[in-house]
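Single-letter residue listing:
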Amino acid sequence: MMGKTIKNQDDLLMMLDSQFRSVKEFWDPFYSDRQRPVPFFHNKPDENLNHYLSSGMINPGRALELGCGPGRNAIFLKLNGFEVDAVDLSEVAIDWAKERANELLLDINFQCQSVFELSPDHEYDLIYDSGCMHHLLPHRRIQYMEMIHNGLKSGGHFGLTCFAPGFGDIGGPQFDMNDWEVYEEKSMKGGLAFTEEKIRYLLSDHFECIELRMMETMDQESDLFGVPFLWTSLWRKK
Ligand SMILES: C[S@@+](CC[C@H](N)C(=O)[O-])C[C@H]1O[C@@H](n2cnc3c(N)ncnc32)[C@H](O)[C@@H]1O
């Protein structure tokens, strides 16, 4: 790149990124106090991920988790027979994930990396995103979806968990901003909410929908994570 000259796609993406807050500067402090009452700080897997496995919708193989945070789903996948690569941009989250894995003597490939540095090539049986895509800027989504599609083996599965609109009072976004509004407002307001129609629109060209439903709410005593403001979905690469 020469100065601020836009010559190629990457220059354009970087210019658009620069209009928003730094992702790393937000997430590192977010994870620095482990005692904060953040539901996904508990080491429990998504209830839907447990359901996919226990019902035979997915089977152990090679998995990639995108935006894995402190590793709760990656750890669950490893405990259930997967070989797991997991990435997150936050070093603080990855250090925490590695500590958890070490305590359990689990060999998981946790890497502090942006999802946009990945270029997997038909390697994975499962790619899982729990709450990462809804924090990605819309102009990055094309590259993101292409990376996931390319990273999956033929017939591989993509699991996506993301915000639904209308839950502003209990921790989710209130409204589904459209993508243009993100640039008008210069903010994603804490994460984008997706309607069912929008999720299907974004994924249906390249993936077959296996299941799309709201996450089941789990109580505090449960071994599983479940909050009422998330969509859960499982897709198969076409
Ligand atoms: C809501 S948290 C979810 C964490 C984890 N999946 C869980 O559910 O416990 C979203 C995560 O996405 C990560 N993230 C956001 N943008 C990213 C990027 N470009 N590359 C890698 N990770 C990213 C953040 O650092 C954060 O840990």
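Further up the page is the structure itself.
Residues numbered from 1 in each chain as written. Predicted model: local features only at pLDDT ≥ 70, side-chain atom pairs only at ≥ 80, totals over all residues. Heavy atoms only, no water.

Details of the overall build of the protein
Along its length, the protein carries eight helices and seven strands. Over its C-alpha atoms the protein spans a radius of gyration of 17 Å, differing by no more than 12% from the 18 Å that the globule rule assigns to 238 residues. By the burial criterion, 47% of the 238 residues in the protein qualify as buried. When contacts within the protein are restricted to residue pairs at least 6 apart in sequence, those whose partners lie at least 24 apart make up 70%. (Helix = DSSP H or I, 4+ residues; strand = E, 2+ residues; numbered from the N terminus. Rg over C-alpha atoms; globule rule 2.2 N^0.38 Å. Buried < 20%, exposed > 50% of the residue type's maximum accessible area, 1.4 Å probe, protein only. Contact = heavy atoms within 4.5 Å.)

Considering the pairing of strand 3 (residues 109–112)
Both strand 2 (residues 83–88) and strand 3 contribute to a ladder of four bridges, which runs parallel. The residue of strand 3 that forms the bridge with Asp85 is Asn109. Since strand 2 and strand 3 lie parallel, the crossover through helix 5 (residues 91–103) that links them has a hand, and here it is right-handed. (Pairing = 2+ DSSP bridges. Right-handed = clockwise from strand over helix to strand, strands pointing away.)

Notes on helix 5
The terminal C-alpha atoms of helix 5, which comprises 13 residues, lie 18 Å apart, in line with the 18 Å expected from a rise of 1.5 Å per residue. Turning to helix 5, its buried residues number three or more, namely Ala93, Ile94, Trp96, Ala97, Arg100 and Ala101. Down the axis of helix 5, the smallest arc covering the buried residues is 160 degrees, so these residues share one side. Along helix 5, the residues that are exposed and aim more than 90 degrees away from the buried face are Asn102 and Glu103. Residues of helix 5 that are buried in the fold lie against helix 2 (23–32), helix 4 (72–79), strand 2 and strand 3. One side-chain oxygen of the residue at the start of helix 5 lies 3.3 Å from the amide nitrogen of Val92, identifying that residue as Ser90. (Expected span 1.5 Å × (residues − 1). Arc of directions from axis to C-beta. Polar contact = N/O pair within 3.5 Å; in protein donor to acceptor, adjacent residues only side chain to side chain.)

Section: the layout of surface pockets
Taken as a whole, the largest pocket spans an internal volume of roughly 1200 Å³. Val23, Trp27, Gly131, Cys132 and His135 are the residues nearest the centre of the largest pocket, which is lined by 48 residues in total. Every element with two or more residues in the lining of the largest pocket is listed here: helix 2, helix 4, strand 2 and strand 5 (152–163). The greatest single-element share of the lining of the largest pocket, amounting to six residues, is contributed by helix 2. (1 Å grid on protein atoms, 1.4 Å probe; cavity = no way out; pocket = protein on both sides within 12 Å on 5 of 7 lines; lining within 4 Å. Points joined across faces, edges and corners; volume = space filled by probe spheres on them.)

Section: the pattern of salt bridges
Counted under the stated rule, the structure contains 16 salt bridges. Here Glu123 makes a salt bridge to Arg62, at a shortest N to O gap of 3.5 Å. Taken together, the residues Glu123 in the loop between strand 3 and strand 4 (124–130) and Arg62 in strand 1 (residues 62–66) connect sequence positions 61 residues apart. For Glu123, a relative accessible area of 26% gives the class partly exposed. Across the pair Asp125 and Lys153 runs a salt bridge whose closest N-O atoms are separated by 3.1 Å. Placement of the pair is Asp125 in strand 4 and Lys153 in strand 5, with a sequence separation of 28 residues. A relative accessible area of 25% places Asp125 in the partly exposed class. (Salt bridge = Lys/Arg side-chain N within 4 Å of Asp/Glu carboxyl O.)

A short note on a nonpolar patch on the surface
On the surface, Ile6, Leu12 and Met15 cluster together into a nonpolar patch covering about 230 Å² of accessible area. As for its position among the elements, Leu12 is in helix 1 (residues 9–17). Its relative accessible area of 35% is what places Leu12 among the partly exposed residues. (Patch = residues over 30% accessible without salt bridge, like charges linked within 9 Å, V, L, I, M, F, W, Y side chains within 5 Å. Areas by Shrake-Rupley, 256 points an atom, 1.4 Å probe, with all protein chains shown as cover.)

Describing the site of the ligand
The local shell around the ligand holds 21 residues, among which Tyr31, Gly67, Arg72, Asp88 and Ser130 are the closest. Between the ligand and Val115, the relevant distance is 2.9 Å, taken from a nitrogen atom to a main-chain nitrogen or oxygen of the residue. When the ligand is considered free in solution it has 590 Å² of accessible area, and contact with the protein chains removes 96% of it. Judged by its atoms lying within 2 Å of the grid points, the ligand is housed in the largest pocket. Considering each element in turn, the shell around the ligand owes the most residues, three residues, to helix 2. (Near = heavy atom within 4 Å. Sits in = over half its atoms within 2 Å of the grid points.)

A look at the state of the cysteines
For the coordinates displayed, the defined rule picks out zero disulfides. Free of any disulfide, Cys112 has its nearest neighbouring cysteine sulfur in Cys68, separated by 9.3 Å. For Cys112, a relative accessible area of 35% gives the class partly exposed. Free cysteine Cys132: the closest other cysteine sulfur is in Cys68, separated by 9.2 Å. (Disulfide = S-S within 2.5 Å.)

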